[in-house]
Structures are given as structure tokens and as C-alpha cells.
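Observations on the model geometry
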Amino acid sequence: MSSSYSYLYKRITRSLIVFLIIIIINFILPRAMPGNPASILANEYQLPPEAVKILTKEWRLDAPLYEQFIAYIKSIFTGNWGYSYQYYPRTVFEIVMERLPWTLLLQGTTTITVGLTGILLGMIAGWKRGSAVDAGITISAVVVYAIPYYWLALLLQYFLGYKLNLFPISQALTPGAVYHSPLDYVIDVLRHMVLPVLAVTLTAYASYTLVMRNTMVDLLGEDFVFVSRAVGLPESKVMRIVVRNALLPPVTMLAIRAGYIIGGSVITETIFSYPGLGYLIYQSIIYKDYPVLNAAFFMLSATIIIANLIADFIYVLLDPRIRYGERR
């Protein structure tokens, strides 16, 4: 037990150090980009030069960097994230909380579909190794893995959305729609999710399939499988044992994917104009909206670190042989 606590303490300490470094980088990167947020906003809305001076002073863009950094640290840890430059005078917290549910819905759904599809196909291919089923699943996974995500997303938009008009090609809700029941609202939300979920699933499942398949093939050659069959265990029981051990690498990948639930949504939400945090980050980069970028990257770094810590606990649940202090 002492070794478990020691390893856990080291992991938490290391995560906190990484978190602090990320916070500093989070402050520096947006301000290292060329341009002034007040000038960009003034050009967008054709504001007079006097407005630029007022906004610069209001947002404290003319303050020394160390003062901006102190104010930034206070805002991060107090939850008072200030006002958005782009959506002024709306608060950053209000905007983020408005967009967050859409990102969680979309990315949470794709995490489930990608994980289940990849692991299931990899399990079948590994168990049927050397067969036509294995070859078909493996070849298709390799082909799909090589397809650029944005290209497939645009193809789905063009054929299933524009040509066949089966699904909406953008947004999360139909503009101006009137819903006569909660079910109508749910159906509209789900229809808008089909294309982005399909695009992400088709391009992301392949890596899970290949990893799961190769891990199962390696495990099926281990001595414990031979012994299990020799003592008369049913094939279904042997398969459960192999699958349980083979789940460790895919779980690691899913934990990392869960950590990128915010940052990983940028491309998807931008292509489909989906009103989540990813699209908000894209817009904030264009408008140099420092407060929104700081809040978004703060949440991104926090979710990545927490997801990796959770993965360590899941390892022990899947394989009791793993002990924190014994890992290499």
C-alpha cells in the first residue's frame, strides 16, 4: 500500500507542476500573437479611434505584463474570468457555460461511438485472427485511418447534407424552428449531430481497432491462454480474460481523448459551425479574445490532467496485477 500511495503522490505532484507550467504558457501565447484586441474589434464594427483607447484602458491592455499576469491568476482561481472582448459586455463565464453543454454532448457522444466501434471491431478481428473477417476489418481500418478528417467531413456535408438533404450541414438547431414538444427539440438536436458524429467516428475508430486487434493477437499467444484452454475453460471464458487484459491500451487512448474533449472539438465544430467551446476558441483566436482563450485553455489543461489521473485508477480495476508502485 505504501508504494501505491508513493506513486500516487508523485503523479499528483507531477500533474500540479505541469498544470502550473500550462497556466503560464496559457497567459503568454495569446499575448504573443500580433495585433490588438481593441483594434480588431474596432475594425470589425467600424468604431472611432477614441473607442479603441477606451477599450484598451477598460480591458487593461495598456497595463504592464506583470499586472496583467496577477489579474489573470486571480481570475483563473476565483472563477471571475472577466468580460469577453468579442461579446462585450457579456462575461466569459456566461459565454463558456452557454457553449459547454453543446461540446460535452457532441464530444461525449463521439467518445462513446469511437470507443465502442473501435474496441468491438478490434476484438472481433483479434479473435478471428488470420481469417477473412480479420483481413476485412484490418484493411478497412487502415484505409479509413489514412483519410484526412476534414476532407471526409466536407464530403459528408456535400453528399448527405447538400445533395441528398438527409441531415443538416451546420449549427446545432434549426434557425427559427418552433418546437411543439420536447421530442421535436430532441430530434432536431440529434439530426444536427449525425454528420459531425459520423465524421469523427469514421476517422477515429481505426486506431482503437488496430491497437485492440494487435493487443489481442499478442495475448492469445501467451502461456496463460494455453493453460486456460488446457484445463478445460470454455472459449467464452478465455475470451473474457483476453479481452479484459487487452482493454488497457484502448482505455489509455480513451482517457487521452476524454482529456481533449474541449480542445479536440475545435476542428469539428468549426467545420460544422457547431456552437460549442471549440468553435468559440476558433472565433476567440481570430478576435484575440484573451479572457475567453485563457478560460478555454485553462479548462482544456485541467481536463487532460484529470483524465490521465483517472486512467491510472482504471488500470487497476481492469487488471488487478497492476500496482502503482510496480509500474515501469
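For the structure, see preceding data.
Here's what I pulled together on the structure shown here. (Residues numbered from 1 in each chain as written. Predicted model: local features only at pLDDT ≥ 70, side-chain atom pairs only at ≥ 80, totals over all residues. Heavy atoms only, no water.)

Moving on: the nonpolar core. Grouped together as the largest cluster of nonpolar side chains are 19 residues, with contacts concentrated most on Phe19, Trp81, Val92, Val96, Leu277 and Met299. Every element with two or more residues in this core is listed here: α1 (2–32), α4 (65–78), α5 (92–127), α13 (277–287) and α14 (290–318). Sorting elements by how many residues they give to this core places α14 first, with seven residues. Formed by 14 residues, the second largest nonpolar core is a distinct cluster that contains Ile119, Met212, Leu220 and Val242. (Core = buried A, V, L, I, M, F, W, Y, C linked by side-chain atoms within 4.5 Å. Buried < 20%, exposed > 50% of the residue type's maximum accessible area, 1.4 Å probe, protein only. Helix = DSSP H or I, 4+ residues; strand = E, 2+ residues; numbered from the N terminus.)

Here we take up the packing of aromatic side chains. All chains considered together, the criterion is met by 10 aromatic pairs. On the basis of an interplanar angle of 80 degrees and a centroid distance of 5.1 Å, the ring pair of Phe27 and Phe69 is categorised as edge-to-face. Taken together, the residues span a long stretch of sequence, with Phe27 in helix α1 and Phe69 in helix α4 at a distance of 42 residues. Judged by relative accessible area, Phe27 falls into the buried class, the value being 6%. An angle of 55 degrees between the planes, with centres 5.8 Å apart, marks the rings of Trp81 and Phe93 as tilted. Pair noted here: Trp81 is in the loop between α4 and α5 and Phe93 is in helix α5, with a separation of 12 residues, a long-range link. Judged by relative accessible area, Phe93 falls into the partly exposed class, the value being 42%. Pairwise contacts between aromatic rings join Phe27, Phe69 and Tyr72 into one cluster. (Phe/Tyr/Trp six-rings, centres within 6.5 Å; stacked < 30°, edge-to-face > 60°.)

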